[in-house]
Amino acid sequence: MTHQFPSLSPEQKKELSDIAQRIIAPGKGILAADESTGTMGKRLEKIKVENSEENRRYFRDLLFSTDPSISNCVGGIIFFHETLYQKSDSGKLFPQVIKDKGIVVGIKVDKGTAGLNGTDGETTTQGLDGLFERCAQYKKDGCDFAKWRCVLKISDSCPTSVAIAENANVLARYASICQQNGLVPIVEPEILPDGTHDLLRCQYVTEKVLAAVYKALSDHHVYLEGTLLKPNMVTAGQSCAKKFTPQEVAMATVTALRRTVPASVPGICFLSGGQSEEEASLNLNAINQVPLNRPWKLSFSYGRALQASALAAWQGKTANKAAAQEAFCSRAKINGLASKGEYKASGSADQASMQSLFSASYIY
Amino acid sequence: MKLTESLRSVFITPEERTYLISVRRLLPKAAGQSVRMTHQSPTLSEAQKRELHETALRIVSPGKGILAADESVGSMAKRLAQVGVENTEENRRQYRQILFSADDRVSGCIGGIIFFHETLYQNSDTGIPFVKMIRDRGILVGIKVDKGVVPLAGTFGETTTQGLDGLSDRCAQYKKDGAVFAKWRCVLKVSETNPSTLAITENANVLARYSSICQQHGIVPIIEPEILPDGDHDLKRSQYITEKVLTAVYKAMSDHHVYLEGTLLKPNMVTSGHSCSTKYSPEEVAMATVTALRRTVPPAVTGVAFLSGGQSEEEATVHLNAINNCPLAKPWILSFSFGRALQASALRAWRGHKENEKGATEQFIKKAEANSLASQGKYTGGDNNYTDAGQRSYGSFHAY
């Protein structure tokens, strides 16, 4: 039992590690454009656009056909299955459009959450059946990384140990299968921001969840250098009466990660959860200015926080395409800067004065 | 009204009371009484955390490491026998005095010294308590608190470590007596069947319990999960096992709510077994070691101070130097916590003769200085000079 049966050859490890490095190259992050059909429905409904396959294609095309300079801030794009086989107006398949820009193609491979009986509405995530074969096919079809989302929530009784253990385990199984097929697994254990809990509680729960995730990854012999983490930032619950500054969010987040995420993980790309576009950028920026040793890249994997303005600008009208693309590019550039701690929001002080806000005496 | 309060108002026997309270635990929880498992019961205050973190930083501040002078009476017997000296309390005191009399040169090389219980209460020839001598040099005092290994029934010669009983009170006393850090050694071995899952989990758990108790008393726990080098296993196997062991250790630390910033790790370097036919270069040892740590030790851990195990003084120093020159990103301080690798020459120079004392102390100082350089990757002794024009190749990290 204490003998190693190598899961990957050195060549396989190198391939995975190189892919991960390309995705989180300095100043780059991920565009999460993998909204399921149902979720896209919610987004399109907000701008009164019909949730048709063509409309979904059109909007993704709008994003993917943006100016090639987008590849300076976007290292990877996560696709939904349907989108992987759609074409842009130019007739080219979307994966090819993306690759031509030097951006890595990713694919959402989970099949949504499933209830954990005996819990207060907690879930695990399904999608392991036939995952090996699906990954092999996705790799052939141009993908080099994958994403799988697990969901945990905070309440008086949640998350329970079974929810933590089950989700950590299923993430590790998914990661192991992906790596066998040359796909870098993005590991996403999202702790929802819903609730009245404060920053400290979120930090505590995040630490417990991430410790369990990395124990499971070790148990399943996952090659950490060929993975990426997509966690929530540590924030107070959305209904928490107390408000916290980006610096406090940043300190709590980086502290939690330092206590749980091994240095061999090349990059951490935060999800934006319920944050606004600006909030997500400011928080990411503050995270990259925290005066603690951060051995992994700290970047973004944003969905709404990159697309909200573009969606609002588009309104479903072709005439607004350029304006929508401009809005998207603008957010992408801002987050690219934030991933280096170089984003100066108008009206905010420069880096030097930002630093002083961290010397708070509070120890996390 | 809570059950206990209602019980007080009724005249019942203590036995009945205990029974009623225990029954209450079996009843379904009343509304509002939730299972509070995801709430933090703060273990340490801000001030306590700060104290622990700062102590840890001072022990391994740049260029400094730890002298492990905590050999038990039994271990000292073996050491002294090698140089023909009788194992008496007085001889042990004389010997430790040789080490503790080192001059100011060691203040920049040694951040902490681990004591054995007996030594904590001994004095120098001139009546100065050893603890005071050390502290006057700006060196921190540590104390070995475990009570040795005990067998795990049903395994192939595996062990856990005892010493938890009354540990809280002992820590409180040691803190009063001048100790600010502690050490607890667990032992695992490599064989066809070992280490077993039980050995890994049990030792990880006991290390976490010990750590948790120490921190309550402002004592920084040094966590030592030593994997013995005995055996013919190769470097890869050692790396694999080290990764599994360390992952279990840090999961246990998390489960026991240990404040990582206020701890130090004392692991084995990743080396092949003593009887392995393949020999590995210092760079290979360094890559395997740093890779294993990067995969398992959270960046929040302040420092890693390697044990020397069965390595010679020179071997240990050269390895430490290679580790500090390894091109992979290392978010913790990588230093030493050496026993034999700091003392072997001093012991041999002394041989129990008073007239050799100064020479013996000098040997110790030399080793302290060498390891101080190695902890900064600046050791130029031996064949392994990293400042040479000929860059040493660490090879591709994908092979590890």
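See the structure shown above.
What counts, and at which threshold
Residues numbered from 1 in each chain as written. Chains lettered and ligands numbered in written order. Predicted model: local features only at pLDDT ≥ 70, side-chain atom pairs only at ≥ 80, totals over all residues. Heavy atoms only, no water. Contact = heavy atoms within 4.5 Å. Buried area = accessible area lost by both parts, 1.4 Å probe. Salt bridge = Lys/Arg side-chain N within 4 Å of Asp/Glu carboxyl O. Polar contact = N/O pair within 3.5 Å; in protein donor to acceptor, adjacent residues only side chain to side chain. Helix = DSSP H or I, 4+ residues; strand = E, 2+ residues; numbered from the N terminus. Buried < 20%, exposed > 50% of the residue type's maximum accessible area, 1.4 Å probe, protein only. Pairing = 2+ DSSP bridges. Phe/Tyr/Trp six-rings, centres within 6.5 Å; stacked < 30°, edge-to-face > 60°.

Participant: Honestly, the interface of chain B and chain A in this entry has me stumped. Any pointers?
Facilitator: Note on interface size: it is often stated as the accessible area lost on association of the parts. In this assembly, 42 residues from chain B lie in contact with 46 residues from chain A. Carbon and sulfur atoms supply 52% of the area that chain B and chain A bury against each other, a total of about 3,800 Å² over both sides. Of all residues in chain B, the largest losses of buried area upon contact with chain A belong to Thr-38, Tyr-240 and His-398 of chain B, amounting jointly to 19% of the total for that side. Inspection of the region where chain B meets chain A yields 2 salt bridges. Counting across the interface, chain B meets chain A through 13 residue pairs in polar contact (both at pLDDT 80 or more). Of all the secondary structure elements, the ones that give two or more residues to the side of chain B that touches chain A are helix H3 (46-59), helix H10 (235-255) and helix H11 (282-296) of chain B.

Participant: Help me out: how do you make sense of the pattern of salt bridges in this one?
Facilitator: Any two side chains of opposite charge can pair if their charged atoms end up close together. A full pass over the atoms with the stated rule returns 40 salt bridges over all chains. Salt-bridge contacts for Asp-34 of chain A lead to Lys-108 of chain A; the nearest nitrogen and oxygen are separated by 3.5 Å. With Asp-34 of chain A in the loop between strand E1 (29-32) and helix H2 (37-46) and Lys-108 of chain A in strand E3 (residues 104-108), this pair connects stretches of sequence that are 74 residues apart. Look at Asp-34 of chain A and you get buried, because its relative accessible area is 5%. With its nearest N and O atoms 3.0 Å apart, the salt bridge here joins Lys-175 of chain B to Glu-51 of chain B. Of the two residues, Lys-175 of chain B sits in helix H8 (residues 167-176) while Glu-51 of chain B sits in helix H3, which places them 124 residues apart along the sequence. The exposure class of Lys-175 of chain B is partly exposed, given its relative accessible area of 26%.

Participant: Please explain the side chain of Lys-108 of chain A as it appears in this structure.
Facilitator: All names here are of chain A. Under the relative-accessibility criterion, Lys-108 is labelled buried at 15%. From its side chain, Lys-108 meets the backbone oxygen of Asp-34 in a polar contact 3.0 Å long. Apart from residues lying up to four places away in sequence, Lys-108 is in contact with Asp-34, Ser-36, Ile-78, Phe-79, Phe-80 and Lys-147.

Participant: Looking at this model, I keep getting lost on unusual backbone geometry. Mind explaining?
Facilitator: Peptide bonds are mostly trans, and most non-glycine residues show a negative phi. A cis amide bond links Cys-158 of chain A to the next residue, Pro-159 of chain A, at an omega of 0°. By the secondary structure assignment, Pro-159 of chain A is in the loop between strand E6 (145-152) and helix H7 (161-180). Asn-194 of chain B connects to Pro-195 of chain B through a cis peptide bond whose omega is 0°. Even without glycine at this site, Lys-48 of chain A takes up a positive phi of about 55°. Take Lys-48 of chain A: it is sitting in the loop between H2 and helix H3 (53-64). Although it is not a glycine, His-257 of chain B sits at a positive phi angle of roughly 60°. Its place among the elements puts His-257 of chain B in the loop between H10 and strand E8 (264-265).

Participant: Explain the pairing of strand E2 (residues 74-79) of chain A to me, please; I cannot follow it from the model alone.
Facilitator: Each regular strand displays side chains that alternate between the two surfaces of the sheet. Residue and element names in this part refer to chain A. Counted residue by residue, E2 has 6 buried out of 6 residues, so it is predominantly covered. Examined bridge by bridge, E2 and E3 share 4 bridges and lie parallel to one another. Looking across to E3, one finds that Ile-77 is bridged to Val-105.

Participant: Any chance you could explain the packing of aromatic side chains here in plain terms?
Facilitator: The geometry of an aromatic ring pair is captured by two quantities: the separation of the ring centres and the angle between the planes. Residues and elements named next belong to chain A. A complete count under the given rule lists 11 aromatic pairs over all chains for this structure. Their ring planes at 90° and their centres at 5.1 Å tell us that Phe-64 and Phe-94 sit as a pair that is edge-to-face. Of this pair, Phe-64 sits in helix H3 while Phe-94 is found in helix H5 (residues 94-100), placing the two residues 30 residues apart along the sequence. There is no split in this pair, since Phe-64 and Phe-94 are both buried. Members of the aromatic cluster, joined through ring pairs, are Tyr-58, Phe-59 and Trp-314.

Participant: What exactly am I supposed to notice about the sheet that holds strand E6 (residues 181-188) of chain B here?
Facilitator: Paired through backbone hydrogen bonds, the strands of a sheet run either parallel or antiparallel to each other. All names here are of chain B. Strands sit in the order E1-E2-E3-E6-E7-E8-E9-E10 around a closed barrel of 8 strands; the barrel is parallel. Bridging between E6 and strand E7 (residues 220-227) involves 8 bridges; their strand directions are parallel. Following the sheet pairing, Lys-183 is matched in E7 by Ile-222.

Participant: Where do I start with the pairing of E3 of chain A in this structure?
Facilitator: For E3 of chain A, the tally of buried residues reaches 5 of 5 residues, placing the bulk of the element in the interior. Of the two faces of E3 of chain A, the one lined by Val-104, Gly-106 and Lys-108 of chain A and the one lined by Val-105 and Ile-107 of chain A are each fully buried.

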